[in-house]
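# Coordinate analysis (summary)
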Amino acid sequence: MALNVVIAGGGFGGLHAARRLERRLPRHSARITLVTQENFMLYTPLLPGAASGALEPRHVVVPLREELDWAEIRLARINGADPKAKTLALTTLDGREVDMDYDQLVVSLGSVSRVLPIPGLAEHGVGFKTLPEAIALRNRAVLHLETAEAIDDREQRREYLTFVYVGAGYAGLEGIAELQDYVTDVIDRYPRCRLDGTRWILVEAMDRVMPEIPASLAQFATRELRGRGIEIRTGTRLDEVTERSARLSTGETIATRTVCWTAGVKPPAVVRELGLPLTDGGRIDVDATMRVKGQQCVWAIGDAAAVPDPARKGQPCPPTAQHALRQGRVVADNVARTLAGGRLRKFRYRTLGVFVDMGQHKAVATMLGVRLRGFPAWFAARTYHLVMMPGLARRWRLMFDWTVGLLFGRASAELGGLGHPQGLDAQLDPPVQTGEASGGLPAAAESTR
Ligand SMILES: Cc1cc2nc3c(=O)[nH]c(=O)nc-3n(C[C@H](O)[C@H](O)[C@H](O)COP(=O)(O)OP(=O)(O)OC[C@H]3O[C@@H](n4cnc5c(N)ncnc54)[C@H](O)[C@@H]3O)c2cc1C
């Protein structure tokens, strides 16, 4: 009977595991099923580019059906699992509750924003983890320029032109840099806003930005962003958010209508429903081969798993795409070796390099011990993403977007209604009423006409 391998999650880890398994397992003897919520993988390193209008949203995703040859794809929400019965509990797109059997299960369910119980944050903050959030941020920036342009009161205008990002990791730093770059690009079309200018504030609880990169590069990034007018507040926390303000731990209250929350990630809630052991951080507890502790047939990778980091003894790997995709490949080899009876591989990858794109053709980077800054780092980052993006056509599309943006600037249309059309009922004429109830002519008068 064919071996039934199920992969839960179609992001960096899941897609790369499925691709490698297609190559490692003979087609006639295995069935590979990828279960996931969306039919694409989001290439998150390019999300700030989509949020800043530099890249078309469709160009930063990888459609799973174009990348997989014979693995089956099932779109469903995973609700839990029963490792004893070897089943995964799903809700299908048409609303059915289904139990899916597996012989081997690979879990790669990623992470969600770690939202702290800060008053007003959940109601008024915006996340920056998904494509809808990235597009919403760009639309909000454009809408706020439009709103501010029509307001006479200067103080009130400022609220719309002030943007606060909380969390200075990848997402926060690249996110604020790219969006500021975008607004700088289009603000000339808004004469009043141009006179006032915009205000950008990056708040970080730790005493430096980007703990993922060497301190000297982080200092360069800080200097570069400050030089562009971005205020960087390290050692500062967000204490409260309202619709019109953000209060910081320094006691300062900033008048703003945009607070973007990028301060860390945690495993999604479903991870607690899988019947698997978890670490203190809530990630799935696995050994160096990525097999879940105490399980023979379940493996876990990516942001949701605490894979021991070969570079930092006793620590789990950082939640990055470069780790997730390599874990996907190694776990696929291990699943295949389990069947063939071979020795399992340990995850040995150490970070080779890091790129932090800061817009305006500048970045900081470290690659194989070499540190780059400014334009060379930006060029290296673009080249790296072109190489890493699966599919030739997608690479061409990215190059095209970047080149057009470079030559002609970016569009300032606000397309927030995309994908949310008004129903036809909104276009119905009001019903024609007759008689007294209509308030029109009495029936007798009508009949004489
Ligand atoms: C803005 C931003 C920028 C980043 N930049 C970089 C960078 O430059 N370099 C880098 O290395 N990393 C970067 N990262 C981190 C990187 O995105 C993650 O580490 C990586 O995506 C983790 O891969 P994964 O497979 O674990 O999870 P993901 O890629 O998030 O995939 C998880 C999958 O599980 C699916 N899923 C989740 N829950 C369910 C459910 N209940 N049912 C069904 N399916 C479900 C999701 O739909 C998704 O397909 C960035 C992240 C962000 C947010």
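Residues numbered from 1 in each chain as written. Predicted model: local features only at pLDDT ≥ 70, side-chain atom pairs only at ≥ 80, totals over all residues. Heavy atoms only, no water.

With that settled, the discussion passes to the sheet that holds strand E17 (residues 258-261). Here five strands make up an open sheet; going across it, the order is E10-E17-E11-E12-E13 and the pairing parallel. The sheet terminates laterally at strand E10 (125-127) and strand E13 (230-233), the two strands that pair on one side only. Going from strand to strand, the sheet's axes swing by 25 degrees on average, the running direction of each strand aside. Of the pairings in the sheet, the one linking strand E11 (residues 162-166) to E17 comprises four bridges and is parallel in character. Across the sheet, the residue bridging to Tyr165 is Cys260, located in E17. (Pairing = 2+ DSSP bridges. Helix = DSSP H or I, 4+ residues; strand = E, 2+ residues; numbered from the N terminus. Axes fitted to C-alpha atoms, helices over the stretch in contact; angles between N-to-C directions.)

Turning our eyes to something else, we now look at the sheet that holds strand E22 (residues 353-357). Ordered in space as E22-E23-E24, the three strands form an open sheet in which the pairing is antiparallel. At either margin of the open sheet sits one strand with a lone partner, and together these are E22 and strand E24 (370-373). Pairwise comparison of adjacent strand axes, ignoring direction, gives a mean angle of 10 degrees for this sheet. Pairing between strand E23 (residues 363-367) and E24: four bridges, direction antiparallel. Paired with Val364 across the strands is Arg373, a residue of E24.

Before going further, it helps to examine unusual backbone geometry. The backbone phi angle of Lys86 is positive, close to 55 degrees, even though this residue is not glycine. Within the secondary structure, Lys86 sits in the loop between strand E5 (72-82) and strand E6 (87-92). Given a relative accessible area of 30%, Lys86 falls into the partly exposed group. Positive phi is not limited to glycine here, since Met290 has a value of about 75 degrees. Along the polypeptide, Met290 turns up in the loop between strand E19 (284-285) and strand E20 (298-300). (Buried < 20%, exposed > 50% of the residue type's maximum accessible area, 1.4 Å probe, protein only.)

A word on the environment of Tyr102. If you trace the backbone, Tyr102 turns up in the loop between strand E7 (97-101) and strand E8 (104-107). Between the C-alpha atoms of Tyr102 and Leu88, which are 14 residues apart in sequence, the distance is 7.7 Å. Ignoring sequence-local partners within four residues, the contact set of Tyr102 consists of Asn4, Val6, Asp82, Pro83, Lys86, Thr87, Leu88, Cys297 and Val298. (Contact = heavy atoms within 4.5 Å.)

This part covers a nonpolar patch on the surface. On the surface, Phe400, Val404, Leu406, Leu407 and Phe408 cluster together to form a nonpolar patch covering roughly 580 Å² of accessible area. With respect to the secondary-structure elements, Phe400 resides in helix H12 (residues 392-408). (Patch = residues over 30% accessible without salt bridge, like charges linked within 9 Å, V, L, I, M, F, W, Y side chains within 5 Å. Areas by Shrake-Rupley, 256 points an atom, 1.4 Å probe, with all protein chains shown as cover. Salt bridge = Lys/Arg side-chain N within 4 Å of Asp/Glu carboxyl O.)

Membership of the largest hydrophobic core comes to 113 residues, with the highest contact counts inside it found for Leu88, Val107, Leu173 and Ile284. Dropping the residues within four chain positions of it, Leu173 is found in contact with Gly167, Ala168, Leu202, Val209, Met210, Ala221, Leu225, Val356 and Met358. By size, the runner-up hydrophobic cluster in this structure holds 14 residues, among which are Ile118, Val241, Ala246 and Val259. (Core = buried A, V, L, I, M, F, W, Y, C linked by side-chain atoms within 4.5 Å.)

This part takes up the packing of aromatic side chains. Note on aromatic pairs: each is described by the distance of the centres and the angle between the planes. For the coordinates displayed, the defined rule picks out six aromatic pairs. Ring geometry for Phe12 against Tyr43: centres 5.6 Å apart, planes inclined by 55 degrees, an arrangement best described as tilted. Of this pair, Phe12 sits in helix H1 (residues 12-24) while Tyr43 sits in the loop between strand E3 (40-42) and helix H2 (47-51), placing them 31 residues apart in sequence. As far as burial versus exposure is concerned, Phe12 and Tyr43 are alike and both buried. (Phe/Tyr/Trp six-rings, centres within 6.5 Å; stacked < 30°, edge-to-face > 60°.)

Attention now moves to the packing of H1 against helix H10 (residues 321-340). H10 packs onto H1 with a crossing angle of 35 degrees between their chain directions and a minimal axis gap of 7 Å. The handedness of the crossing between H1 and H10 is right-handed. Two secondary-structure elements touch here, H1 through Phe12, Gly13, His16, Ala17, Arg20, Leu21 and Arg24 and H10 through Ala321, Ala324, Leu325, Gly328, Arg329, Val331, Ala332, Asp333, Val335 and Ala336. For the contact of H1 with H10, the class distribution of residues is ten nonpolar, three polar and four charged. (Left-handed = near helix turned anticlockwise from the far one by under 90°. Nonpolar A, V, L, I, M, F, W, Y, C, P; charged D, E, K, R; others polar.)

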